[in-house]
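Structural overview
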Amino acid sequence: MTGRTLVNGALLVLGSASPRRRDILNGLGIPIEVIAAEVDETRAPQEAPDAYLERIVRAKLEAVCETVRAQARPQHAAVLVADTTVVIDGDVLGKPSDVADAERLLRQICGRTHVVKTRYAIACSDALPGPARERTVETRVTLRRASDDEVRRYAATREGLDKAGAYAAQGIGAFLVERVEGSYTNVVGLPACEVVSDLQALGLLREFPAAAP
């Protein structure tokens, strides 16, 4: 990929260690540098899903912006951070702690519809750490009913251990996904359409999509 899509050949800092978010941005041809955010993602007792996402994303943005400011590297055009969670019955389902916990989470959502929420924030390099754009995107996902054996076998693949809800719609877990209503990339971890729209509105993308060199 070239750096021509961002103004002045700058980089977008992705404040996430998620390979899915990295792949989505790379697939769009947006040049990035990964500086992962390290924050405590523990949910407070009785904290509402939206309030939880807003708090975690703001904490990630502040943490990554602090690192970027300390490094004082001018090639950074902006910082992008995000967090994804699964919500069902008003409860937030995070990442499973182990295979047994993955089985528990999968039994809770298989045969039902849940909501995947991804919140992201973008801060421009000339105005760190204040967010220039913040947005929460929701996608409704219906998983088919699965037998106990299917749940056990899928959990044992360990594919879902680092994912909210314990499944990967872009991987083996696709065999469970019956219907997606809304942004598919949002389910993977980053709503590509909305992110591009906001980068364009901020004047950070030019001549997008860029032609191959």
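Below you will find a few notes about this structure. Everything quoted here is computed from the prediction, not taken from an experiment.

Calculation rules
- Residues numbered from 1 in each chain as written.
- Predicted model: local features only at pLDDT ≥ 70, side-chain atom pairs only at ≥ 80, totals over all residues.
- Heavy atoms only, no water.
- Helix = DSSP H or I, 4+ residues; strand = E, 2+ residues; numbered from the N terminus.
- Buried < 20%, exposed > 50% of the residue type's maximum accessible area, 1.4 Å probe, protein only.
- Contact = heavy atoms within 4.5 Å.
- Areas by Shrake-Rupley, 256 points an atom, 1.4 Å probe, with all protein chains shown as cover.
- Lys, Arg positive; Asp, Glu negative; His and termini not counted.
- Charge placed at Lys NZ, Arg CZ, Asp CG, Glu CD.
- Polar contact = N/O pair within 3.5 Å; in protein donor to acceptor, adjacent residues only side chain to side chain.
- Core = buried A, V, L, I, M, F, W, Y, C linked by side-chain atoms within 4.5 Å.
- Pairing = 2+ DSSP bridges.
- Right-handed = clockwise from strand over helix to strand, strands pointing away.
- Phe/Tyr/Trp six-rings, centres within 6.5 Å; stacked < 30°, edge-to-face > 60°.
- Expected span 1.5 Å × (residues − 1).
- 1 Å grid on protein atoms, 1.4 Å probe; cavity = no way out; pocket = protein on both sides within 12 Å on 5 of 7 lines; lining within 4 Å.
- Points joined across faces, edges and corners; volume = space filled by probe spheres on them.
- Nonpolar A, V, L, I, M, F, W, Y, C, P; charged D, E, K, R; others polar.
- Salt bridge = Lys/Arg side-chain N within 4 Å of Asp/Glu carboxyl O.

When its secondary structure is counted, the chain shows six helices and seven strands. Seen through its C-alpha atoms, the chain measures out along the principal axes to roughly 55 × 40 × 25 Å. Out of the 213 residues belonging to the chain, those deemed buried represent 47%. In the chain, of all internal contacts separated by at least 6 residues, the share reaching a separation of at least 24 is 68%. Carbon and sulfur atoms form 48% of the exposed surface of the chain, whose accessible area is close to 10,000 Å². Of the charged side chains in the chain, 27 are positive and 29 negative; the average position of the first set lies 2 Å away from that of the second.

Our next topic: the side chain of His-114. Topologically, His-114 is positioned in strand 5 (residues 113–124). Only 2.7 Å separates the side chain of His-114 from the side chain of Tyr-167, close enough to count as a polar contact.

This part takes up the nonpolar core. If you look at the biggest cluster of nonpolar residues, it comprises 23 residues, and the most contacted ones within it are Leu-12, Leu-25, Ile-30, Leu-80, Tyr-120, Leu-190 and Leu-199. Counting residues per element, the ones that place at least two in this core are strand 1 (11–14), helix 1 (19–27), strand 3 (76–88), strand 5 and helix 6 (192–201). In this structure, Leu-106, Leu-143, Ala-168 and Ala-169 belong to the second largest nonpolar core, which totals 22 residues.

With that settled, the discussion passes to the pairing of strand 1. Along any regular strand, the residues point their side chains to alternate faces of the sheet. In terms of strand pairing, strand 1 meets strand 3 through four bridges, oriented parallel. Looking across to strand 3, one finds that Leu-14 is bridged to Leu-80. Between the parallel elements strand 1 and strand 2 (residues 32–34), the chain passes through helix 1 in a crossover that is right-handed.

Before going further, it helps to spend a moment on the packing of aromatic side chains. For the coordinates displayed, the defined rule picks out one aromatic pair. Where Tyr-154 meets Phe-175, the ring centres are 5.8 Å apart and the plane angle is 70°; that geometry is what we call edge-to-face. Here Tyr-154, found in helix 4 (residues 148–156), pairs with Phe-175, found in the loop between helix 4 and strand 7 (177–181); they are 21 residues apart in sequence, far enough to count as distant. The exposure class of Phe-175 is partly exposed, given its relative accessible area of 31%.

So, about helix 2 (residues 49–71). Relative to the 33 Å expected for 23 residues at 1.5 Å per residue, helix 2 spans 33 Å between its end C-alpha atoms, a close match to the ideal helical length. Regarding helix 2, the residues found buried are Pro-49, Tyr-52, Leu-53, Ile-56, Val-57, Lys-60, Leu-61, Val-64, Cys-65 and Val-68. Buried residues along helix 2 sit against strand 1, strand 3, strand 4 (91–93), strand 5 and strand 6 (133–143).

The next thing to look at is the layout of surface pockets. In this structure, the largest pocket encloses a volume near 590 Å³. Around the largest pocket sit 32 residues that line it, and Arg-21, Asp-83, Thr-84, Lys-95 and Asp-162 are the ones nearest its centre. Elements that contribute at least two residues to the lining of the largest pocket include exactly helix 1, helix 2, strand 3, strand 4 and helix 5 (184–188). For the lining of the largest pocket, the element with the most residues is strand 3, which contributes five residues. Per-class residue counts for the lining of the largest pocket are 15 nonpolar, eight polar and nine charged.

Time to look at the pattern of salt bridges. Note on pairing: side chains with opposite charge can pair once their charged atoms come close. All told, the structure shown has 22 salt bridges when counted by the stated rule. Here Lys-117 and Asp-50 are joined by a salt bridge, their closest N and O atoms 2.7 Å apart. Residue Lys-117 is found in strand 5, and its partner Asp-50 is found in helix 2; the two are separated by 67 residues along the sequence. Classification of Lys-117 by relative accessible area gives buried; the value is 10%. Measuring nitrogen to oxygen at the nearest pair gives 3.9 Å for the salt bridge that ties Arg-140 to Glu-181. In this pair, Arg-140 is assigned in strand 6 and Glu-181 in strand 7, connecting sequence segments 41 residues apart. Note on Arg-140: relative accessible area 43%, which makes it partly exposed. Bridged by salt links that share partners, the residues Arg-20, Asp-162 and Lys-163 form one connected network.

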